[in-house]
Every structure is written in C-alpha cells, then in structure tokens.
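Here is what each chain is made of, one letter per residue.
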Amino acid sequence: MDVRQEFRRAAREQNVPVDEIERWVRLARPQTELVLKGDGLPEVGRFGGLAALPEGQEWPPGQCLVLTLDLAAIPSHGHDLDLPADGALLFFVEPTFTPTACRVVHVPAGTEVTERADPGVPVFDPVPLHARAGWSLPENEREAPFDLRLDDEVEEAIGEVMWYLDGNGYEFSLGGYGAASTGGADNPILDATEHTVLATVWLDEGQVGDAFGQTSIVVNFMITHADLAERAFDRIWLMTDFNG
C-alpha cells in the first residue's frame, strides 16, 4: 500500500482534520525501497558480499560491507537525491551495537575493480536487492523543511499515526526521511535545510548473526546537501538506533 494512502486512513481514524492530513501528505518524499523478492522488479544491488574496489582503494578497516547499489539501475523517479547518474555506491559500517564509524565509496562507471577477499571483518551472505518506487513521510514536524505551525493536539495525533504505520515490507531504502527504532534515539533529520538521509539499512540477526550485538538496529547514512553536490561521500556520518 502507498504510505500516503495508509497515512490518510490512519489519520482519519485519529480525527485529524482533513486539511492537516493533506498538508502532511504534501511533505512526502520519493524513496527507493530495496526488497529481497524481485517479482519482476529490477535488480539494483545487493546486501552483503565482498566489496569490488578500484586499485589503491582499501577496504575500510574494521568495517563491514552492508550495501552495494548500481546507480544506473535505480529508477530515476525513485528518489529526490542529487546522486551520480551511474557507478556503484558501497556502504560500510563498523560491526558494533552502536556504530559510529562508516564509509561510503563511490566507484565511477567503467572503473576497473577487484573483489577483495578476507577483509578481516564479518562478510555477510550476499542477497540481491530489487527496487520499487515508494514514498516516505516525516515522523514529526521538525523534519519538515519549514515551520508547519501545527496545533499541539494535531501534532501529537500525527506522531501517533506515524509511529504505528506499517513499514510495507522493505529493510533497505535510498532517500526519504530515514527511520528511528525503540531505543530512544532521535529521528535522523534534525535540520532538513542542511542535511538528508542517503540510505537506511535495518540489520537483524537473520542477516548479520551476532556481528552487531544480537539485536535489530537501524543505520541511517547521513550527508549534507552541499557534500552530496560535491560527491564528498567521505563526509558521511551515521544516525543509528536499536530495538530497545
């Protein structure tokens, strides 16, 4: 189900005024939902596996490869990020309960690469990922790029609706507003005018064993709009949370 329609239905049940519902829906951002089952959807990358890197590019020490994306295969309408049109993006993160170290490597199209073996960190079984176009809504007013001036009761009702909305069956996404879990961390976007979520990865024992502490964590790879325009992927940072 389209998250916008799901939100409309749930917000009406909470007696949120229709005009406030539509104001919130207008904040929706396109995001690419990365799913395990293809069902005719294009394959755009994979979870886990070994990293294919250019000569001279080291595997980031002490970090696991969690996501590899083929940018040319991502549907152009699937996000609103200023990304390169092609090449690969590789997402690395340190395997710990509360990771802070990360690296995102852009490998331009046509670059000769070699798959690196024995990186000294856990290597997760590779799983192909398929892309479908979706939508993302903010969970609170602060994530909007401007002041909505919501009534307190309306803001509280919308927060309740967003907290309980179904995730629609994807564990990885490109773009959108990102996600928090139940561990008490804040939502990843603290200032929408300055930075955005590049990708969001949910990691649980079924995918990574005990590498991240035998719990489910959400990892949001964050970047400023200026750094994204400059392709400065070495300036990525993380906003993470866990199931508490």
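Here, the structure is the one placed above.
Residues numbered from 1 in each chain as written. Predicted model: local features only at pLDDT ≥ 70, side-chain atom pairs only at ≥ 80, totals over all residues. Heavy atoms only, no water.

(A) Looking closely at the overall build of the protein. Helix and strand content of the protein: five helices and twelve strands. Computed over the C-alpha atoms, the radius of gyration of the protein is 18 Å, within 12% of the 18 Å expected from 2.2 N^0.38 for a compact globule of 244 residues. Expressed as lengths along the three principal axes of its C-alpha atoms, the size of the protein is roughly 55 × 35 × 35 Å. By the burial criterion, 50% of the 244 residues in the protein qualify as buried. Across the protein, every contact between residues at least 6 apart in sequence was considered, and the portion connecting residues at least 24 apart equals 72%. Counting only carbon and sulfur atoms, one obtains 47% of the accessible surface of the protein, whose full area is about 11,500 Å². Separation of charge centres in the protein, based on 16 positive and 42 negative side chains, amounts to 6 Å. (Helix = DSSP H or I, 4+ residues; strand = E, 2+ residues; numbered from the N terminus. Rg over C-alpha atoms; globule rule 2.2 N^0.38 Å. Buried < 20%, exposed > 50% of the residue type's maximum accessible area, 1.4 Å probe, protein only. Contact = heavy atoms within 4.5 Å. Areas by Shrake-Rupley, 256 points an atom, 1.4 Å probe, with all protein chains shown as cover. Lys, Arg positive; Asp, Glu negative; His and termini not counted. Charge placed at Lys NZ, Arg CZ, Asp CG, Glu CD.)

(B) Broad picture of unusual backbone geometry. One non-glycine residue with positive phi stands out, namely asparagine 15, at about 65°. Tracing the backbone through its elements, the reader meets asparagine 15 in the loop between helix H1 (3–13) and helix H2 (18–25). Taking the relative accessible area as the measure of exposure, asparagine 15 reaches 68% and is therefore exposed. Here aspartate 118, not a glycine, exhibits a phi torsion of approximately 50°, which is positive.

(C) Structural context of the nonpolar core. Of all hydrophobic cores here, the largest spans 45 residues; its most connected members are Val66, Leu67, Leu83, Phe91, Leu198, Leu203 and Phe221. Residues contacting valine 66, with those up to four places away along its chain left out, are Arg46, Phe47, Gly48, Phe91, Val93, Phe124, Leu203 and Phe221. Within the second largest apolar cluster, 25 residues are counted, among which are Ala10, Ala11, Met162 and Tyr177. (Core = buried A, V, L, I, M, F, W, Y, C linked by side-chain atoms within 4.5 Å.)

(D) Layout of the sheet that holds strand E12 (residues 237–242). An order of E6-E5-E4-E2-E8-E1-E9-E10-E11-E12 is seen for the ten strands of this open sheet, with the pairing classed as antiparallel. The sheet is open, and its two edges are formed by strand E6 (102–107) and E12, each paired on a single side. Pairwise comparison of adjacent strand axes, ignoring direction, gives a mean angle of 25° for this sheet. Pairing between strand E2 (residues 43–47) and strand E8 (residues 127–136): four bridges, direction antiparallel. The partner of glycine 45 across the bridge, within E8, is leucine 129. (Pairing = 2+ DSSP bridges. Axes fitted to C-alpha atoms, helices over the stretch in contact; angles between N-to-C directions.)

(E) View of the packing of H1 against helix H3 (residues 152–164). Contact geometry for H1 and H3: axes closest at 10 Å, N-to-C directions at 130°. Relative to H3, H1 is oriented oblique. Once H1 is placed against H3, the crossing between them reads as right-handed. Contact residues: Phe7, Ala10 and Ala11 in H1; Ile158, Val161 and Met162 in H3. Split by residue class, the contact of H1 with H3 holds six nonpolar, no polar and no charged. (Parallel < 35°, antiparallel > 145°, perpendicular 65-115°, else oblique. Left-handed = near helix turned anticlockwise from the far one by under 90°. Nonpolar A, V, L, I, M, F, W, Y, C, P; charged D, E, K, R; others polar.)

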